[in-house]
Amino acid sequence: MTIPFWVGTSWKMNKTLGEAADYCAVLHDAELLRDPRLQGFVIPPFTALSEVCRALADSPVMVGAQNMHWADAGAYTGEVSPLMVRDCGADIVELGHSERRESFNETDVAINRKVKAALAKGLRPLICVGETAEERALGAAADSVLRQCRIALGGVSAEDLERVLIAYEPVWAIGEHGTPATAEDAGWMHRRLREALPTTGQGEPLPVLYGGSVNPDNCAALAALPEVAGLFIGRSAWRPEGLLRIAERALEVRRPLA
Ligand code: PGA
């Protein structure tokens, strides 16, 4: 069985419907993303979610939401439920991004509720974890990241773990003020995660993607790390050519098709 290498992007709070349609048109026609060694995905804002799902429905590219509430419905003004995310046609839901933890007070316990709700609704949670610069400076990077993982995954069955994706995204590496992690730094944490995380019911390690200032120059070194199961990209993939360029370079350094 070929385990594909994940390459995807969150658009964060960017793109109108027209911009989203232009982006999807390029992805839809990209032969590269039909390569079984790759699994592409796009995570648009809610306003474009159903349009993007529709535009990519007959392509292998998966689509995700950037967040959701854990309840099916209710008096939660401004929130979006797992049922609504499913109804749009999404496969993935990104949970616990550091911007949500930092700017919207999202806690590990809330993320755990969302992870369980996502799995119950047949969605694939993409759980973002990462240490802050302060935690790293204090020698607590692995403790912080593993704590986030343990709480997010609490109560998830071995069978459900098969649908879980983790993204290791050091907070200090994210965004325009971030410092890209070196392959050594990323590799070190990915090995800690490989040792500590539970395996799936099939005995497979959980796929852990790397994110944080991934760009066309550093993507090959990151993709070459055996424990890195994919790349989760922000700014460098906000144009479809950027995503495709990184996907192409990642493919070059990954093992040939089994
Ligand atoms: P960036 O964003 O690639 O722009 O640093 C990554 C992320 O927030 O997932």
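The preceding data block contains the structure.
Everything numeric here is computed off the predicted structure, so don't read it as measured data. (Residues numbered from 1 in each chain as written. Predicted model: local features only at pLDDT ≥ 70, side-chain atom pairs only at ≥ 80, totals over all residues. Heavy atoms only, no water.)

K.L.:
Got a minute to help me understand the overall build of the chain in this structure?
P.N.:
Scanning the chain from N- to C-terminus turns up eleven helices and eight strands. Relative to the compact-globule value of 18 Å for 258 residues, the chain shows a C-alpha radius of gyration of 17 Å, a close match. If you line up the chain on its principal axes, its C-alpha atoms span 45 × 45 × 40 Å. Going through the 258 residues of the chain one by one, you find that 52% of them count as buried. At a minimum sequence separation of 6, the contacts of the chain that also span at least 24 residues come to 70%. (Helix = DSSP H or I, 4+ residues; strand = E, 2+ residues; numbered from the N terminus. Rg over C-alpha atoms; globule rule 2.2 N^0.38 Å. Buried < 20%, exposed > 50% of the residue type's maximum accessible area, 1.4 Å probe, protein only. Contact = heavy atoms within 4.5 Å.)

K.L.:
Sorry, what's going on with the pairing of strand β6 (residues 165–168) here?
P.N.:
It is a general feature of regular strands that their side chains alternate between the two faces of the sheet. Where burial is concerned, the two faces of β6 agree: the one with Leu165 and Ala167 and the one with Ile166 and Tyr168 are both buried. In terms of strand pairing, strand β5 (residues 124–129) meets β6 through four bridges, oriented parallel. In the strand pairing of β6, isoleucine 127 is matched with isoleucine 166. The pairing of β6 with strand β7 (residues 208–211) spans three bridges and is parallel. (Pairing = 2+ DSSP bridges.)

K.L.:
Would you mind going over the pattern of salt bridges with me for this structure?
P.N.:
Close approach of charged atoms allows side chains of opposite charge to pair. Counted under the stated rule, the structure contains twelve salt bridges. Between glutamate 106 and arginine 100 there is a salt bridge whose closest N-O contact spans 2.8 Å. Judged by relative accessible area, glutamate 106 falls into the buried class, the value being 9%. Salt-bridge contacts for arginine 163 lead to aspartate 160; the nearest nitrogen and oxygen are separated by 3.1 Å. (Salt bridge = Lys/Arg side-chain N within 4 Å of Asp/Glu carboxyl O.)

K.L.:
Mind showing me how you'd approach the site of the ligand here?
P.N.:
The environment of the ligand is made up of Lys12, His97, Glu169, Ala173, Ile174, Gly175, Gly212, Ser213, Gly234 and Arg235. At 2.8 Å from an oxygen atom of the ligand is found a main-chain nitrogen or oxygen belonging to serine 213. Burial of the ligand by the protein chains amounts to 99% of its free accessible area of 280 Å². In terms of residue class, the shell around the ligand is made up of two nonpolar, five polar and three charged. (Near = heavy atom within 4 Å. Polar contact = N/O pair within 3.5 Å; in protein donor to acceptor, adjacent residues only side chain to side chain. Areas by Shrake-Rupley, 256 points an atom, 1.4 Å probe, with all protein chains shown as cover. Nonpolar A, V, L, I, M, F, W, Y, C, P; charged D, E, K, R; others polar.)

K.L.:
What's the story with the layout of surface pockets in this structure? I'm lost.
P.N.:
In this approach, a probe sized like a water molecule rolls over the atoms, and the result shows the empty space that is left. Computed from the structure, the second largest pocket encloses a volume of approximately 400 Å³. Lining the second largest pocket we find 15 residues, and of these Lys12, Met13, Gln66, Arg100 and Phe104 sit closest to its centre. Per-element tally for the lining of the second largest pocket: the top contributor is helix α4 (residues 98–103), with five residues. (1 Å grid on protein atoms, 1.4 Å probe; cavity = no way out; pocket = protein on both sides within 12 Å on 5 of 7 lines; lining within 4 Å. Points joined across faces, edges and corners; volume = space filled by probe spheres on them.)

K.L.:
Is there a simple way to explain the sheet that holds strand β1 (residues 5–10) in this structure?
P.N.:
Through backbone hydrogen bonds, the strands of a sheet pair up, either in parallel or in antiparallel fashion. On the basis of which strands lie adjacent, the closed barrel formed by eight strands has the order β1-β2-β3-β4-β5-β6-β7-β8 and parallel pairing. Across the sheet, the mean angle separating the axes of adjacent strands is 25° when strand polarity is ignored. Here two bridges tie strand β3 (residues 62–65) to strand β4 (residues 92–95), and the two strands are oriented parallel to one another. When the bridges of β4 are listed, glycine 64 appears paired with isoleucine 92. Each of β4 and β5 touches helix α5 (residues 108–120); the most contacted strand, β5, lies at about 160° to it. (Axes fitted to C-alpha atoms, helices over the stretch in contact; angles between N-to-C directions.)

K.L.:
I would appreciate a short explanation of helix α2 (residues 46–55) in the present structure.
P.N.:
By the burial criterion, the buried members of α2 are Ala48, Leu49, Val52 and Cys53. One side of α2 holds all its buried residues, which, seen down the axis, span an arc of 140°. Summarising the geometry of α2, the exposed residues directed more than 90 degrees from the buried face are Thr47 and Arg54. (Arc of directions from axis to C-beta.)

K.L.:
For this particular structure, what's the right way to read unusual backbone geometry?
P.N.:
A negative phi angle characterises most non-glycine residues, just as the trans form characterises most peptide bonds. The backbone phi angle of lysine 15 is positive, close to 90°, even though this residue is not glycine. Among the residues examined, lysine 15 registers a relative accessible area of 21% and is labelled partly exposed. Even without being glycine, asparagine 105 reaches a positive phi, approximately 55°. Mapped onto the secondary structure, asparagine 105 falls in the loop between α4 and α5.

K.L.:
Is there a simple way to explain the packing of aromatic side chains in this structure?
P.N.:
Two measures describe an aromatic ring pair: the distance that separates the ring centres and the angle between the ring planes. In this structure the tally under the stated criterion is four aromatic pairs. On the basis of an interplanar angle of 65° and a centroid distance of 6.2 Å, the ring pair of tryptophan 6 and phenylalanine 41 is categorised as edge-to-face. In this pair, tryptophan 6 sits in strand β1 while phenylalanine 41 sits in strand β2 (residues 38–43), placing the two residues 35 residues apart along the sequence. For tryptophan 6, a relative accessible area of 7% puts it in the buried group. Judged by relative accessible area, which is 1%, phenylalanine 41 ranks as buried. Aromatic pair tyrosine 168 and tyrosine 210: ring centres 6.1 Å apart, planes at 65°, arrangement edge-to-face. In this pair, tyrosine 168 is assigned in strand β6 and tyrosine 210 in strand β7, connecting sequence segments 42 residues apart. Joined through ring pairs, the aromatic side chains of Trp6, Phe41 and Phe232 make up one cluster. Positioned above the aromatic ring of tryptophan 172, the side-chain terminus of arginine 136 is 4.0 Å from the ring centre. (Phe/Tyr/Trp six-rings, centres within 6.5 Å; stacked < 30°, edge-to-face > 60°. Lys NZ or Arg CZ within 6 Å of the ring centre and 35° of its normal.)

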